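The primary structure of each chain is shown beneath.
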Amino acid sequence: MDLLLLGVSHHTAPVELRERVDFSKRGVVEALRELATYPSATEAVVLTTCNRAEVYVACENIDVTRGDLSRFMSRFHGVPEPELEPHLYSHSSAEAVRHLCRVTTGLDSLVVGEPQIFGQVKEAYAIATGEQYTGTVLNKLFPWSFAIAKRVRTATNLGEGAVSVSYAAISLARKIFGNLKNLGVLVVGAGEMAELTATHLQSHQVQRIAVTSRTLTRTAALARKVGGTAIEWTAIENELLNADVVVTATGSSSPLITAAAIGRVMRARLNRPLFIIDLGLPRDVDSAAGQLEQVFLYNIDDLQAIVSENLARRQEQTTQAEGMISDAVLEFLVWLRSRGTLPTVVALRRRFEIVRQSELERLEPKLSGLTPDVRARVDEVTRLLIQKLLLTPTEQLKTVADPTTAAQYAEAITQIFQLGETPSTDGDNTTQSDDVASAAPAADKTPVTS
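The structure presented is a predicted model; accordingly, all values stated were derived computationally and were not measured.

**Quick notes on unusual backbone geometry**
Where the residue is not glycine, phi is negative for most of them; where a peptide bond is considered, it is trans in most cases.
Okay, step 1: Unusually for a residue other than glycine, Ser-93 sits at a positive phi of about 50 degrees.
Okay, step 2: The backbone phi angle of Gln-294 is positive, close to 65 degrees, even though this residue is not glycine.
Okay, step 3: Residue placement: Gln-294 occurs in the loop between strand E9 (274–278) and strand E10 (295–299).
Okay, step 4: Since its relative accessible area comes to 28%, Gln-294 is described here as partly exposed.

Written out as structure tokens, the structure is:
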């Protein structure tokens, strides 16, 4: 059994194509059900986010399954294969494990280290398991990647520090005010940057959001979206009296809010702190306002500097995180490859157990005079002896990571111990009967771990 993933992400495709291959449109469950009609994919998990659409499968034949997954993606989303194929990427075996770990930890995200992807991968796995589309391999792989992601978060600072301008603004506001719940917010402008910052503030449960812009319809739309109140453009200075946080993001060619206006407001506010986030370019707020007592004014350059510093700090953590992932990949591959040698391990233990049982039967006349307790002790001692003899070779066989080497070892053991043949006992030169051979597995209570 092997691993394969096929996907499209922000690394390989424009947003227009990513929108067309969004599994959430028709539903992940429906995607899993359609994928199940392709017999080459024995287990499957479908992951869909705003920046990626990926399918993870356990399969027997990488090449056949790669073709099936490509056809599935094309047919399910209604995108012709020639149009979709140049944007697809696929990884198998070790690289599939590495990719999932990088996705789960946020290393493959548009914003490195962002934590939301962890929850999205967990949800994708939960859906697949709930619909019973996963099995032994994926049920090992995904929880494994979750554990690695938590380990990376604990051991590094990968997820710390704001890495977007809007979130950096919120981080600064929290440093000044602490809890944002009881604050009033004024948003000047109704464009994308204003909306993003207002949305972040809403998520922190601020008490009130007032929105104003020169376009009444956009003002009303943003106010509805963030649960705020639309106010007249001419009422900005009055609203400044009540606001604790001001966000400005307009396309004005000159400052909209003068230092004199802020000075009047601060006197009326009795110098209660005012935090201003000026995201306008050119700036919306006179820079001299930042010199006033209890006025905390930050422009987009200030915020970008914070973001760049945090991104650089995160980048320093990626080397350590990548190293941790590399170690984890090797560990997982040892487990995965051990599944390929498991039949040989089982056959080897079965062969030794058949010989043990045969020898006990041959010695039955000599053992018949022993008490039941002593007979049980003989059985136990011979069983433990077999276990100890086989411990090292079976463990060595199961821990070979390279599939070619593992296959060579398995073949050598099969030939040396003639695992495909019925053994004969040396003591009486008779052949083990088929009845004994078929009964031996039931008698063997030695646990086989995978």
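**Re the sheet that holds strand E5 (residues 184–188)**
Okay, step 1: An order of E7-E6-E5-E8-E9-E10 is seen for the six strands of this open sheet, with the pairing classed as parallel. In this open sheet, the two edge strands, each paired with only one partner strand, are strand E7 (229–230) and E10.
Okay, step 2: Both strand E6 (residues 208–212) and E7 contribute to a ladder of two bridges, which runs parallel. Paired with Ala-210 across the two strands is Thr-229, which belongs to E7.

**A word on the environment of Ile-386**
Okay, step 1: Along the chain, the position of Ile-386 falls in helix H15 (residues 372–398).
Okay, step 2: Taking the C-alpha atoms as reference points, Ile-386 and Arg-349, 37 residues apart in sequence, are found 8.2 Å from one another.
Okay, step 3: Beyond its immediate chain neighbours, meaning those up to four positions away, Ile-386 contacts Phe-352 and Arg-356.

**Considering the packing of aromatic side chains**
Okay, step 1: Scanning the entire structure with this criterion turns up 10 aromatic pairs.
Okay, step 2: Summarising the aromatic geometry, the rings of Phe-72 and Phe-76 are spaced 5.6 Å apart at their centres and angled 35 degrees between planes, so their arrangement reads as tilted. Taken together, the residues Phe-72 and Phe-76, both in helix H3 (residues 62–77) and four residues apart, mark about one turn of the helix.
Okay, step 3: A relative accessible area of 0% means that Phe-72 is categorised as buried.
Okay, step 4: Residues Phe-118 and Phe-146 carry aromatic rings whose centres are separated by 5.7 Å and whose planes lie at 70 degrees to one another, so their mutual orientation is edge-to-face. Remark: Phe-146 occurs in helix H7 (residues 136–155) and Phe-118 occurs in helix H6 (residues 116–130); sequence separation between them is 28 residues.

**Let's talk about the nonpolar core**
Okay, step 1: Membership of the largest hydrophobic core comes to 62 residues, with the highest contact counts inside it found for Phe-23, Val-55, Phe-72, Met-73 and Phe-142.
Okay, step 2: Residue contacts for Met-73: discarding those within four places in its chain leaves Leu-6, Val-8, Phe-23, Ala-53, Val-55, Leu-84 and Leu-88.

**Overview of the sheet that holds strand E4 (residues 89–92)**
Okay, step 1: If you trace the four strands from one edge of the open sheet to the other, you get E2-E3-E1-E4, paired in antiparallel fashion. Looking at which strands have only one partner, the edges of the open sheet turn out to be strand E2 (41–49) and E4. Put simply, the sheet's adjacent strands are angled 15 degrees from each other on average, direction ignored.
Okay, step 2: Pairing of E2 with strand E3 (residues 52–59) involves eight bridges; the strand directions are antiparallel. Bridge pairing in E3 links Ala-44 to Val-57.
Okay, step 3: Sheet strands in contact with H3 are strand E1 (2–9), E3 and E4, and its direction is about 30 degrees off that of E1.
Okay, step 4: Set on the sheet, helix H5 (residues 93–105) makes contact with E1, E2, E3 and E4; between it and E4 the angle comes to about 115 degrees.

**Concerning helix H2 (residues 28–35)**
Note: α-helices contain 3.6 residues per turn, so residues at a spacing of three or four share the same orientation.
Okay, step 1: Buried within H2 are the following residues: Val-28, Ala-31, Leu-32 and Leu-35. Viewed end-on, H2 has its buried residues packed into an arc of 100 degrees, placing them on one side of the element.
Okay, step 2: Contacts from the buried residues of H2 go to E2, E3, H3 and H6.

**Quick word on the pattern of salt bridges**
Okay, step 1: Considering all chains together, one arrives at 20 salt bridges under this definition.
Okay, step 2: A salt bridge links Arg-356 to Glu-353; the nearest nitrogen and oxygen atoms lie 2.9 Å apart. With a gap of three residues between them, Arg-356 and Glu-353 both fall in helix H13 (residues 300–362), about one helical turn apart.
Okay, step 3: Under the relative-accessibility criterion, Glu-353 is labelled buried at 2%.
Okay, step 4: Among the charged side chains, a salt-bridge network with shared partners connects Arg-52, Glu-54, Arg-102 and Asp-108.

About the thresholds
- Residues numbered from 1 in each chain as written.
- Predicted model: local features only at pLDDT ≥ 70, side-chain atom pairs only at ≥ 80, totals over all residues.
- Heavy atoms only, no water.
- Helix = DSSP H or I, 4+ residues; strand = E, 2+ residues; numbered from the N terminus.
- Buried < 20%, exposed > 50% of the residue type's maximum accessible area, 1.4 Å probe, protein only.
- Pairing = 2+ DSSP bridges.
- Contact = heavy atoms within 4.5 Å.
- Phe/Tyr/Trp six-rings, centres within 6.5 Å; stacked < 30°, edge-to-face > 60°.
- Core = buried A, V, L, I, M, F, W, Y, C linked by side-chain atoms within 4.5 Å.
- Axes fitted to C-alpha atoms, helices over the stretch in contact; angles between N-to-C directions.
- Arc of directions from axis to C-beta.
- Salt bridge = Lys/Arg side-chain N within 4 Å of Asp/Glu carboxyl O.

So far we have only geometry, and geometry alone does not tell us how the molecule works.
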